[in-house]
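What the coordinates show
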Amino acid sequence: MTQHDTIAGGDATSPPAIELIGITKRYGAVVACDDVHLAIRPGRIHGILGENGAGKSTLMKVLIGLVIPDAGEVRRHGTAIRINDPVAAAEHGIGMVHQHFSLVEPLTVWENVALGDVGRLDPRRVRARVGEISEQYGLEIDPDDRISDLPAGMRQRVEIIKCLRRDPEVLVFDEPTSVLSPAESEFLFNALRTVVERDGKAVALVSHRLGEVMAATDEITIMRDGRVVESLSTAEADARSLARAMVGREVSLRGDVIQTGSASDHVHRDRTAEVPVLRITDASARGRDGRVLLDRLSVDVHAGEIVGLAGVEGNGQRALGDVLSSLLALDSGRVEVESREIPTGRAGAMARAGVAIVPEDRHHSGCVLDFSVAENMFIADPERVARRGLMDRGEMARRAEALIDRFDISCAGPDAPMWSLSGGNQQRVVMARELSHDPRVLVAAQPTRGLDVGAIEYLSEQLRAAARGGVGILLISTELEEILDLSDRIVVIANGHIVGEMINADVDLERIGMLMTGAAAESGVPS
Amino acid sequence: MGDFFNALGDIATNESAYRNAIIAAVVLMLAASGELVAEKAGTINISLEGMILGGAFAAAIGQHAFGSVWVGLLFAMLAGIVVAWVQANMSHRLPADQFVVGLVLNVLVLGVVGFLASEIEPETNIVGRVRIPLLADIPLFGPALFDQPWVLYLVYPVVPFVWWLVYRTRWGLEVRAVGEDPNAADVSGLHVNKLRRQTIYLAGLTAGLAGGYFLFARAGQFEDSLVGGRGYIAIAAVIFGGWTMKGTVGGCILFGLVGSFVLTIPSLGYESVDPAFLAMAPNVVTILAMAFFATRVRQPSALARPFLRGLK
């Protein structure tokens, strides 16, 4: 019995272009995909919905030859095929639109499109082909633009063109909207509709965002813990049951708040009269290549308040996080903590002033994977467990135990190596370290990225508790739901500048979307 | 010191100073052109020094055994490729640290050719000058560029050819992609480490040629001190040039000019300038030039980063 037999709807009976049968992939003891069946049909957009770690990405990597499954087979029009690398996948008419790492930034659009082809390089022909495709699908682009000059939405067009130039039968999109503004997402889905309806191509759309899967697809397959838990046609799906299938239990949808607009738990207190714990005034910074990172950015965070910084990825959030971790010096403007100006770019200055940070990428700058849990907890401030320059290992273990208890970190003990912990528990260690310093300000950058729902709930609660305890929290996130769920006040960032502000009680989603996109429109993306 | 500045004035109008400068710059240009390609693909090819030295020695053997400069140059390129083969496979197949491999190779090549040279004692000579009519009559620069040992003219086709390879061919596009974003290149279906190995072979070829050229154009007789750090200066020229061919050639000419002017000072009768100071000057200029003009902003993003498939 295969899951796809149960699919109902329009031309759900048409023979699939690509069929995955009984795909299983294990990584050690972890089963990433467990006997997964999936049929992708021509002329249809097939949404693959699931949380992070549900096995969606692994499944798609099987499809384009980046992962070789342990069991199961891939069939194309009923014939079993082998896909050992991306080149083989392309030969079988499968193309993937990658989100993060398939464009070479210093190269131009046409050069990127030409990458991976064979034969003599003929710039004129490649340019012409780019023009042809972009006209055909309404993906306007200048083939001579440099990728590094393009905003995320335009880069994605290049990805799509790069994929379409080989005229694939099946297009795979992996989390395509994660770096897009709402308007850019809309544009993408319209383009997808054209591809599917006019050319009868099949599209697989991988996403963890319920709303967009509901809006953009014809069929939905829901994955959880490596298995397919449900397959149905989009017409008969409703958000609540999808969410339940995705998570495996009843959840309160963050979307509920958005849909009803009643964020009643956020009682807004007017704090404008109080002195903010963190005040950033007219902060401007440029990158080494002269790019504007921050542009006269001003924001205040008061004690006990959660301020959500919303915006499309790559609009200065990382730079702001870097400034507040003393990694980046401002060209002009000032940062004050409790009315005291803190010099920027001086190692440790922010931390000493009481600014704690949960960095955007915990593996890159949040923790040292080869160190133990205890070492990671005291790495930023070893003085607290040292006497005359020598580490007091007993004291360190005692304090670490206490933090492990308090933050409910599941690990083998203070000496367990950090890499042996799950992502959620690693993030708890980072939180424990930062909050144990009794900070005045906590900067949480994408604190729940890549975590499962349980960990997200826990960390959200920790942030709320910290705020109740009087810490001023700056929440930097590209997930609008997260911002709306947690923040008392929302500021919108675009191109390194704060373009708007509102309190959560009278949040206007359309306006936030406009603010995020409004800036994008300036760089050539229609809104 | 007053003498020194008077001397600079005299040199600036001295034909043979320019001639020496170009001879010195060409060895850098040949080596640096290949090095540029290797760096474009993501390797800082420290063994460049060893490649040049190996090339110079092999050129000596070639001419000694077969009596032909052409055979010598062919040997030189082969020797460069042999060193490149070790560097490429150690650092982009195994992968060992490219700097450690490069440094060890330089020491190894020095030891091997030093030993072999004392055993074989190859006999070689400088090749004759060939004057290119009309062009050589341009005042000051004409003789430097067009009245030189004929092996020097190899630089005229080689450097533009390497430029064309990098900026006008599919291979060159792939090389640049691999040096900027190996993950993206991999996803696009390119063989990252294979391309990187190929660029090192090319660097071996041009660096070996540089060694052969230097033997026949300037040294005449092989000594193991013949290369004397020019490989490192060539690497500096690539960085100084901001990873462009134009900039790299400019850097080579600058470093060549300084080296030559310093050598020319005593021959113009300025004996009071301390020879130790003169020997040091080119390196000081190199360092100052690097400090003030070199910028790392435009370096290939994946420079000196090994690529392992599947790891982020």
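Everything that follows concerns the structure shown earlier in this document.
Residues numbered from 1 in each chain as written. Chains lettered and ligands numbered in written order. Predicted model: local features only at pLDDT ≥ 70, side-chain atom pairs only at ≥ 80, totals over all residues. Heavy atoms only, no water.

1. A closer look at the overall build of chain A
Counting its regular elements, chain A contains 18 helices and 22 strands. In terms of C-alpha radius of gyration, chain A reaches 24 Å, essentially the compact-globule figure of 24 Å for 527 residues. Projecting the C-alpha coordinates of chain A onto the three principal axes gives extents of approximately 70 × 50 × 50 Å. For chain A, the proportion of its 527 residues judged to be buried stands at 55%. Put simply, of all contacts in chain A between residues at least 6 apart along the chain, 66% involve residues at least 24 apart. (Helix = DSSP H or I, 4+ residues; strand = E, 2+ residues; numbered from the N terminus. Rg over C-alpha atoms; globule rule 2.2 N^0.38 Å. Buried < 20%, exposed > 50% of the residue type's maximum accessible area, 1.4 Å probe, protein only. Contact = heavy atoms within 4.5 Å.)

2. Some points on the nonpolar core
Within the largest apolar cluster, 135 residues are counted, with the highest numbers of intra-cluster contacts made by Phe173 of chain A together with Tyr213 and Phe222 of chain B. A total of 15 residues in this core trace back to one element, the largest contributor, which is helix α2 (residues 15-40) of chain B. With residues near it in sequence (within four places) discarded, Phe173 of chain A still touches Val97, Ile160, Leu188, Leu192, Val203, Ala204, Leu205 and Val206 of chain A. Ala356, Ala374, Phe407 and Ala466 of chain A belong to the second-largest nonpolar core, a separate cluster that totals 37 residues. (Core = buried A, V, L, I, M, F, W, Y, C linked by side-chain atoms within 4.5 Å.)

3. Some points on the interface of chain A and chain B
Residue-level contacts link 22 residues of chain A with 17 residues of chain B. A combined buried area of about 1700 Å² lies between chain A and chain B, and 65% of that area is made up of carbon and sulfur atoms. Summed over the shared surface of chain A and chain B, the result is one salt bridge. Scanning the region where chain A abuts chain B turns up five residue pairs in polar contact (both at pLDDT 80 or more). Within the residue set of the side of chain A that touches chain B, elements represented by two or more residues are α2 (86-91) and α3 (109-114) of chain A. Considering only residue class, the side of chain A that touches chain B consists of 12 nonpolar, four polar and six charged. (Buried area = accessible area lost by both parts, 1.4 Å probe. Salt bridge = Lys/Arg side-chain N within 4 Å of Asp/Glu carboxyl O. Polar contact = N/O pair within 3.5 Å; in protein donor to acceptor, adjacent residues only side chain to side chain. Nonpolar A, V, L, I, M, F, W, Y, C, P; charged D, E, K, R; others polar.)

4. Side note on the sheet that holds strand β3 (residues 45-50) of chain A
Residues and elements named next belong to chain A. With mixed pairing, six strands are arranged side by side in an open sheet as β6-β7-β8-β3-β9-β10. Each edge of the sheet is formed by a strand with only one pairing partner; in this case those strands are β6 (94-97) and β10 (227-233). The mean inter-strand angle of the sheet, taken between neighbouring strand axes irrespective of direction, is 20°. Sheet topology note: the strand β9 (residues 219-224)/β10 ladder contains six bridges and is antiparallel. Bridge pairing in β10 places Arg224 opposite Arg227. Across the sheet, helix α5 (residues 152-164) touches β6 and β7 (170-174), and the angle it forms with β6 is around 170°. (Pairing = 2+ DSSP bridges. Axes fitted to C-alpha atoms, helices over the stretch in contact; angles between N-to-C directions.)

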